[in-house]
Amino acid sequence: MPRLLHYSDIENVYDDPVRVGRLAGAIRSRSGADAVVCGSGDNTSPGVLALIERGRQALDLFRAIDADVETFGNHDFDYGPAAARGVVADAPQTWVAANVFDANGDRFAAEHVTPTTIREVDGVRLGFFGVTDPATPSLNPMAGELVFTDPYDAAEAAVADLRDRGVDHVIALSHLGGGDDELAHRVDVDVILGGHVHAERDERVAGARLLRPGANGHVIFEVEIGSDADGGIDVTRHETAQAPVAEDVVDALEGRIDAAGLDEVVTTLEEPIDRSEETVFGGECRIGNFVADAYRWSLDAD
């Protein structure tokens, strides 16, 4: 039976090559001819190394895990559309985006990006489409020249196309976050592989299995899909902390870090800085003061 291996919101983990190596090892150890490796956005940025590499450090991971399908998150445009096009052109996976367009109305990076794609695995036809948060330009000014249309209208058109083409199951790659519930109610999908919101989720909503593995590569989901149209969907959660390390990924990322001169420890602290959501969104905190002081130092501001 077909399996989906789902990761999302890797973000700044590239600054810790061993953690990326464990993520790659977790995916590799469960991959195979019956598996489709899926990403649901924010897997190229942000981060210190990503800032230097303009998202291209993600290619080391994508190639190592032989990624199959991916959609865009808001952070995948952190370095502008041209940089995103370059990553997409050199990445091994098929990028699906049903609601992302250039300002002139053309589909974004149309030579490399498609609204839908179909994979046949073990005789089962799986249809994939991707949707991205339409608020992306307000979340990320670097995406300001792009147009993000209504994701639900785009999803309805994509699903209708895939059903007309005779797929057995439809899988949404979604970077809508909280919008995944409406997506489940609006369109006829079997699985929603979500992202954007960093809290894990595994629920059934309006007949769809809705999944989010959380952020920073701590967890991947393995989704087994029944072999017929009414087949069941089984999900297994895998933590990556104890996964085998893909040393080739570690070596590649460490090489980028060394080349960028990011291997020097500037200072250490006696106590860790709390970056929990409760602290960060609760008002003034140490991490907020640290970032503000860094801006003041960098810009010689009062």
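Please refer to the structure placed before this passage.
Procedures and definitions
- Residues numbered from 1 in each chain as written.
- Predicted model: local features only at pLDDT ≥ 70, side-chain atom pairs only at ≥ 80, totals over all residues.
- Heavy atoms only, no water.
- Pairing = 2+ DSSP bridges.
- Helix = DSSP H or I, 4+ residues; strand = E, 2+ residues; numbered from the N terminus.
- Axes fitted to C-alpha atoms, helices over the stretch in contact; angles between N-to-C directions.
- Contact = heavy atoms within 4.5 Å.
- Buried < 20%, exposed > 50% of the residue type's maximum accessible area, 1.4 Å probe, protein only.
- Patch = residues over 30% accessible without salt bridge, like charges linked within 9 Å, V, L, I, M, F, W, Y side chains within 5 Å.
- Areas by Shrake-Rupley, 256 points an atom, 1.4 Å probe, with all protein chains shown as cover.
- Salt bridge = Lys/Arg side-chain N within 4 Å of Asp/Glu carboxyl O.
- Lys, Arg positive; Asp, Glu negative; His and termini not counted.
- Charge placed at Lys NZ, Arg CZ, Asp CG, Glu CD.
- Phe/Tyr/Trp six-rings, centres within 6.5 Å; stacked < 30°, edge-to-face > 60°.
- Core = buried A, V, L, I, M, F, W, Y, C linked by side-chain atoms within 4.5 Å.

A. Inspection of the sheet that holds strand β11 (residues 191–194) at higher detail. The sheet built from six strands is open, its strands ordered β7-β8-β10-β11-β13-β12 with mixed pairing. A strand with exactly one partner marks an edge of an open sheet, and here the two such strands are β7 (116–121) and β12 (201–205). Between one strand and the next, the sheet's axes are offset by a mean angle of 20 degrees, whatever the strand orientation. With six bridges joining them, β7 and strand β8 (residues 124–132) adopt antiparallel strand pairing. If you follow Arg-119 over to β8, its bridge partner there is Leu-126. The strands touched by helix α6 (residues 151–164) are β7, β8 and β10 (169–175); relative to β8, the strand with the most contacts, the crossing angle is about 165 degrees.

B. View of the side chain of Ser-174. Secondary-structure assignment places Ser-174 in strand β10. Residue classification places Ser-174 among the buried positions, given a relative accessible area of 0%. Excluding anything up to four places from it in sequence, Ser-174 contacts Ser-40, Thr-71, Val-131, Asp-180, Leu-183, Ile-192, Leu-193, Gly-194 and Gly-195.

C. Molecular detail of a negative patch on the surface. The grouping of Glu-247, Asp-251, Glu-254, Asp-258, Asp-263 and Glu-264 at the surface amounts to a negative patch. Relative to the helices and strands, Glu-247 resides in helix α8 (residues 247–260). You can call Glu-247 partly exposed: its relative accessible area is 48%.

D. Structural detail: the packing of aromatic side chains. Counting across every chain of the model gives six aromatic pairs. Seen in terms of ring centroids, Phe-62 and Trp-95 are 6.1 Å apart; in terms of plane orientation they differ by 75 degrees. Their pairing is edge-to-face. Of this pair, Phe-62 sits in helix α3 (residues 58–64) while Trp-95 sits in strand β4 (residues 94–96); the two residues are 33 residues apart in sequence, bridging distant segments of the chain. Using a relative accessible area of 1% as the deciding quantity, one classes Trp-95 as buried. Measuring from centroid to centroid gives 5.5 Å for Phe-77 and Phe-108, while their planes differ by 75 degrees, and the two rings are edge-to-face. Placement of Phe-77 in the loop between β3 (69–70) and α4 (80–90) and of Phe-108 in the loop between β5 (100–101) and β6 (113–114) is noted, with a sequence separation of 31 residues between them. Taking the relative accessible area as the measure of exposure, Phe-77 reaches 0% and is therefore buried. Here the aromatic cluster, defined as three or more aromatic residues joined through ring pairs, consists of Phe-62, Phe-72, Phe-77, Trp-95, Phe-108 and Phe-148.

E. The arrangement of the environment of Arg-85 in detail. As for its position among the elements, Arg-85 is in helix α4. Overall, Arg-85 belongs to the partly exposed group, its relative accessible area being 26%. Counting along the chain gives 27 residues from Arg-85 to His-112, while the straight-line C-alpha distance between them is 8.2 Å. What Arg-85 contacts, discounting residues up to four positions off in sequence, is Asp-102, Phe-108 and Ala-109.

F. Representation of the nonpolar core in the model. Counting residues in hydrophobic clusters, the biggest one holds 41 residues, and the most contacted among them are Tyr-7 and Phe-77. Elements represented by at least two residues in this core include exactly β1 (3–7), α1 (17–30), β2 (35–39), α3, α4 and α8. Counting residues in each nonpolar core, the second largest holds 21 residues, with Phe-129, Val-167, Leu-176 and Ala-208 among its members.

G. Main features of the pattern of salt bridges. The tally for this structure, following the rule as stated, stands at 20 salt bridges. Note that Arg-256 is salt-bridged to Glu-53, the shortest N-O span being 2.7 Å. With a gap of 203 residues between them, Arg-256 in helix α8 and Glu-53 in helix α2 (residues 48–53) connect regions that are remote in the sequence. The pair formed by Arg-256 and Glu-53 is uniform in burial state, with each residue classed as buried. The salt bridge involving Glu-200 is made with Arg-237; its shortest N-O contact spans 2.7 Å. Remark: Arg-237 occurs in strand β15 (residues 233–239) and Glu-200 occurs in the loop between β11 and β12; sequence separation between them is 37 residues. Among the residues examined, Arg-237 registers a relative accessible area of 40% and is labelled partly exposed.

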